[in-house]
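Next come the chains, spelled out residue by residue.
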Amino acid sequence: MPSSEIQVVLPDGSKKALPAGATGADLARAVGPGLAKAALAIRVNGEIRDLQRPLPDGATVAILTNKDPQALEVLRHSSAHALATAVRQIFPQAQIGFGPPIEDGFYYDFDIGRPFTPEDIEAIEKKMAEVTKADYPFTREEVSRAEAKKRFRDDPLKLERISDLADNEIISIYTDGPFVDLCRGPHVPSTGKIQHFKLLHAAGAYWRGDERRQMLQRIYGTAWFTKQDLDQYITRLEEARKRDHRVIGKQLDLFSIQEDIGPGLIVWHPNGAILNFELRRFIEDIILQRGYQLVYTPNVTREQLFLRSGHLPLYAANQFPAMAAGEGESEEVRYRVKPMNCPMHILIYASQQRSYRDLPIRLAEIANVYRNERSGTLHGMLRVRGLSMDDAHIFLREDQIEEEIFNMLDIVELVMGKTFGLQYRLDLATRPDKKLGTDAMWDVAEKALESALKRRGLQYKMDVGGGAFYGPKIDIKFNDAIGREWQGATIQLDYELPERFKLEYTGADNKPHRTVMLHRAIFGTLERFVGFLIEHFAGAFPLWLSPTQVRVLPIADGQMDAARAVHETLRQAGIRSHLDERSETLNYKIRDAETHKIPYMAVVGQREAEAKSVAVRGRGAGNKQVVMPVAEFVQKLKEEVHTRSLKPLI
RNA sequence: GCUGACGUAGCUCAAUGGUAGAGCAGCUGAUUUGUAAUCAGCAGGUUAAGGGUUCGAGUCCCUUCGUCAGCUCCA
């Protein structure tokens, strides 16, 4: 082949010859004018690039258009640049930070010496529309480190970034119209490709995510290929707001957080208390069947205990201050509300000699612990200061670790997947900077968790540096209504506390051995888990969890006695029934039950009263009603509760 | 904790610096209803708390508390 020509492989496997130095744009043109117009970026040997870069010979390539999710990411990245272009036009002195694409959109960080006002954002959005209309091409150039430093000599934030780049890294600069930015790219061909965007909000963000450094002002935006996609996204945000557990919690009278009581402290109202109660009963049944033992330990303890456990020096900022008990304030008599249960469970383990035959010993407690979380982090039920942990600590031999974790993951799957049908993600979190114990301990611990995950054949992601300070962990994560990620279940290996408390068992060799310890929670905390369930079910809980399971609706006062009899029968059968005695129309009562997400309405009219039957209307089922004898209704309800069915059986 | 926005009846929201209002919920009465809102009346407020400016503050200023979004930190 002559050197003046190159060849690339297209997605369908066919080969295409191009002149040497041909770019992605040239390729698109060569394939067809339609594609040339639609082309946004190109995948070269798996790497997303601009269309303007020359193609290497023999590359496997794919032109990306608005059909491709990866192109959407590029579009959003370019949108961030268009945003910065607009900001620099309005505030020429603005310092610029980073501007990456994110899920559903993009952001860019600025420093204009003051925060942005809502009016600023409006003006910026208008200016940004001008920038996109101007259709500035994005041009890429590669420069030397010295050149880059010269070009950005007035941009201290960019200079800092440049000096952090590795020596061998290629430094590229992108220009769109008047705006020049240090950027790895890639970008769409021109700002005119950005048509459907919206700036959402501004908020402070620390430079490089470090709270010790200056705070920049971040502007968030969203961008899509079509107006329809953009509108859909805005609608999705509105819909998500309706699922918000704080909104539904109020509507269904599940819980409150009150200024008089304190932020981050959940007050469970009767309806919410049912959720709490059922979940406790559910998980306790499961773990008792699997060899766990329930314990109860105090809410306060001598501070000394947390000194010994090593928590206090690292965790003091998250603990409520000490309180004095007895005389004076010597360490002997200072008490703390507990932020975790492990030291107490350890003392139960240590209260007698343990044989290798006794292990594993599994101590479980759904306990209230209190953590003084920073005020800005609190969020409804999902981030609180008073936590009901479904905690357990397992004391075992090193050779039992993998099997135990294997079995814990089974419980996780049973609860999260099988019972609630939840989508969740597994993370393996490894050693953080701030940690207890030696690297050798961490090596062993991390390996043990990983092999259990592998043996179960589960997909997981590495979360490097995300571990607790006392050991690595497997975290189960889920998203809330508006897409934020939270941690639920957690399984943590701990070689540190057994060391500190000198936990031992007597082995078959009649010699003392160091005990290994596992911390685990399945729900995580009842607060967070319930908050998550509220959003997951949008308040329409499965029957076994529903605060009110049946509302009995007499059509008129004439059927009140018959309705009361049905209500009593249901209650005797253990069904949470409520009798709607109000002097309202049937339509009104049905509407009210629907808006309260009651699973079943049992209508009792003249016909039902005479036949000792009920006309059952399921939640959200419209007027598809089923008439059946009361006894049969009870039977079906009991079955649905007993099987914890996610689907109504009637 | 930091940056910004916000805080009015139980809930959702109105009110140029000039008499604090509506809908829903609640209560009372009438209505007795067959599958998503019957009608009428009544009651409900130190406008988060405290201070200041002003003839006059829900509205402007300050402090505190709280909420929301984001950052940081975490179950």
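Residues numbered from 1 in each chain as written. Chains lettered and ligands numbered in written order. Predicted model: local features only at pLDDT ≥ 70, side-chain atom pairs only at ≥ 80, totals over all residues. Heavy atoms only, no water.

J.: I'm lost on the packing of helix α17 (residues 560-572) against helix α20 (residues 630-642) in this one. Help?
T.: At a minimum axis separation of 10 Å, α17 and α20 run at an interaxial angle of 35°. Regarding α17 and α20, the two cross each other, and that crossing is right-handed. When α17 is examined against α20, the residues Val566, Thr569 and Leu570 are found in contact with a partner set consisting of Val630, Phe633, Val634 and Leu637. Tallied by class, residues from the contact of α17 with α20 come to six nonpolar, one polar and no charged. (Axes fitted to C-alpha atoms, helices over the stretch in contact; angles between N-to-C directions. Helix = DSSP H or I, 4+ residues; strand = E, 2+ residues; numbered from the N terminus. Left-handed = near helix turned anticlockwise from the far one by under 90°. Contact = heavy atoms within 4.5 Å. Nonpolar A, V, L, I, M, F, W, Y, C, P; charged D, E, K, R; others polar.)

J.: Quick question: what am I supposed to make of the packing of aromatic side chains here?
T.: What characterises a pair of aromatic rings is the spacing of the ring centres plus the angle enclosed by the ring planes. Overall, the coordinates contain 15 aromatic pairs when judged by the stated rule. Aromatic pair Tyr108 and Phe110: ring centres 5.1 Å apart, planes at 20°, arrangement stacked. Taking relative accessible area as the criterion, Tyr108 reaches 1% and is therefore assigned buried. Classification of Phe110 by relative accessible area gives buried; the value is 0%. Relative to Phe395, the ring of Tyr349 has its centre 4.6 Å away and its plane inclined at 20°; by these criteria the two rings are stacked. Of this pair, Tyr349 sits in helix α12 (residues 342-349) while Phe395 sits in strand β21 (residues 386-396), and the two are 46 residues apart along the sequence. Linked through ring pairs, Phe282, Phe420, Phe523, Phe529 and Trp544 together constitute an aromatic cluster. The lysine or arginine in question, Arg362, covers the ring of Tyr292, its NZ or CZ lying 6.0 Å from the ring centre. Its guanidinium or amino end placed over the ring of Phe406, Arg456 lies 4.3 Å from that ring's centre, counting from NZ or CZ. (Phe/Tyr/Trp six-rings, centres within 6.5 Å; stacked < 30°, edge-to-face > 60°. Buried < 20%, exposed > 50% of the residue type's maximum accessible area, 1.4 Å probe, protein only. Lys NZ or Arg CZ within 6 Å of the ring centre and 35° of its normal.)

J.: I keep staring at helix α9 (residues 270-289) and nothing clicks. Help me out?
T.: Residues that lie three or four places apart on an α-helix share one face, since the helix turns once every 3.6 residues. For α9, which comprises 20 residues, the first-to-last C-alpha distance of 29 Å matches the rise-based estimate of 28 Å (1.5 Å per residue) to within 8%. The set of residues buried in α9 consists of Gly272, Ile274, Leu275, Asn276, Glu278, Leu279, Phe282, Ile283, Ile286 and Ile287. (Expected span 1.5 Å × (residues − 1).)

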